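Survey of secondary and tertiary structure
So you can see what is in the structure, the chains are spelled out below.
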Amino acid sequence: MAFYSPDVAMGAMLEDQLRALELQGRPGLGSQVSVTWLRYPRSLIGAAEASESPRDWPEPVAGASWAGSRPRYPASVVKLFYLAATEAWLQRQLLEDGAELRRAMADMIRDSSNDATAVLVDWLTGTTSGPDLPERPLRAWIEGRQLVNQWYAALGWSEFEGCNVCQKTWGDGPYGRERQFYGPKLENRNRLSTDATARLLHEIMAGALVSPPACARMRELLRRSLDSDLRAADPENQVDGFIGAGLPAPARLWSKAGWMSQARHDAAYVEIPDRAPFLLVIFSEGAERAADEQLLPELSRRLSSGSEAS
């Protein structure tokens, strides 16, 4: 991958930990997960606030992945991509800023609201849900829905190849023209890889996407509390059952999780005192993995121990 340097020791550790977790009663785990793990020599937050680009660091950003380029259904992790696109549209004055837009952005990320996501997809693409469309109007509607994909393709990230971010997120599923757009065999579902997701989160945390102020706003929405009382008061806190649940209390966490009947995913950037900051994206697929509340925290716990500051 262009934005990090593969580290042999990290790759071996990642493979060893996945194998150990598979032997602990998760047969077939290796084919059910994708992981991208980056380790930083210093804080990305500090670099962003100092207007310092990691590209100028003398130390390479080290990383490793397991099936990192494999596209999978991203569930609500796709909302991270719609968040960045919304900031880009605002910068280009393609959307009018306002309290209602900001409320939708916050609800989409902090609470993972599907309703807020649907509104933002409509505003980004100039489309709306509704009944089936005849062929010609459907083609025009589809052209609008591809605008977010086109923006990411224009960034020239090799990691985005094979990915697809053009569908809303659902509770019960798409209907009408939305179902038409999915294709007869759902072949046009959203698709993301952990590599592509790691690239996007890396750029946001480093202040390198859209603009530094836009990245600062996105980081604020992604910030998660590890406070046990706050987590207990919010059963859908995107920490318990995900990467954050494997972190020690002093850690700082920025993340976006995704969960549905066939997937449990998370994308997180973490800073822990006396350890190297790291970025970790885990996608896990299948009904067993979706119900597995221990896999992501345990892998996070094991890999964070490999981020001891040198």
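Residues numbered from 1 in each chain as written. Predicted model: local features only at pLDDT ≥ 70, side-chain atom pairs only at ≥ 80, totals over all residues. Heavy atoms only, no water.

Another point: the pattern of salt bridges. Applying the stated criterion across every chain yields a total of 25 salt bridges. Between E203 and R55 there is a salt bridge; the shortest N-O distance is 3.0 Å. Taken together, the residues E203 in helix α10 (residues 194-205) and R55 in the loop between α3 (44-49) and β3 (62-66) connect sequence positions 148 residues apart. One salt bridge in this structure joins E100 and R103, with 2.6 Å as the shortest N-O distance. Of the two residues, E100 and R103 both sit in helix α5 (residues 99-110), three residues apart, roughly one turn of that helix. Overall, the relative accessible area of 46% leaves E100 in the partly exposed class. Relative accessible area serves as the criterion here: at 47%, R103 is assigned to the partly exposed category. The structure contains a network of salt bridges with shared partners spanning R55, E159, R199 and E203. (Salt bridge = Lys/Arg side-chain N within 4 Å of Asp/Glu carboxyl O. Helix = DSSP H or I, 4+ residues; strand = E, 2+ residues; numbered from the N terminus. Buried < 20%, exposed > 50% of the residue type's maximum accessible area, 1.4 Å probe, protein only.)

This part takes up the pairing of strand β2 (residues 33-39). Side chains on a regular strand alternate between the two faces of the sheet. Of all seven residues in β2, six are buried; the element is thus mostly enclosed. Taken together, the seven bridges between β2 and strand β7 (residues 278-285) define a ladder with antiparallel strand orientation. Within β7, the residue paired with T36 across the bridge is V281. Two elements, β2 and β3, share five bridges in a ladder whose sense is antiparallel. Within β3, the residue paired with W37 across the bridge is A64. (Pairing = 2+ DSSP bridges.)

Turning to the nonpolar core, a few remarks are in order. Nonpolar side chains in soluble globular proteins generally cluster together in the buried interior. Y152, V165, L200 and Y269 are the most contacted members of the largest nonpolar core, which totals 57 residues. With ten residues, the top contributor of residues to this core is helix α4 (residues 78-91). Among the nonpolar cores identified, the runner-up in size contains 28 residues, and V33, A62, L280 and L296 belong to it. (Core = buried A, V, L, I, M, F, W, Y, C linked by side-chain atoms within 4.5 Å.)

As a further point, take the packing of aromatic side chains. Summed over the entire model, instances satisfying the criterion amount to ten aromatic pairs. Through a chain of ring-to-ring contacts, three or more aromatic side chains come together here, namely F81, W89, W151, Y152, W157 and F160. We note R42 situated over the ring of W57; from NZ or CZ to the ring centre the distance is 5.0 Å. Cation over ring: R92 sits above W89, and NZ or CZ is 5.4 Å from the ring centre. (Phe/Tyr/Trp six-rings, centres within 6.5 Å; stacked < 30°, edge-to-face > 60°. Lys NZ or Arg CZ within 6 Å of the ring centre and 35° of its normal.)

A few words now on unusual backbone geometry. At V210, a residue that is not glycine, the phi angle is positive and equals roughly 70°. Within the element layout of this structure, V210 appears in the loop between α10 and α11 (212-222). Under the relative-accessibility criterion, V210 is labelled partly exposed at 22%. Positive phi is not limited to glycine here, since Q238 has a value of about 65°. You can see Q238 is positioned in the loop between α12 (228-233) and β5 (252-260).

Taken together, seven strands build an open sheet; the order of strands is β1-β3-β2-β7-β6-β5-β4 and the sheet is mixed. The open sheet has two edge strands with one neighbour each: β1 (5-6) and β4 (223-224). Sheet analysis places strand β6 (residues 263-271) next to β7, joined by eight bridges and oriented antiparallel. Looking at β7, one finds that Y269 is bridged to L279. In this fold α10 packs onto β2, β3, β5, β6 and β7, with an angle of close to 150° to the strand it touches most, β7. The sheet strands contacting helix α14 (residues 295-304) are β2, β6 and β7, and the helix crosses β7 at an angle near 150°. (Contact = heavy atoms within 4.5 Å. Axes fitted to C-alpha atoms, helices over the stretch in contact; angles between N-to-C directions.)

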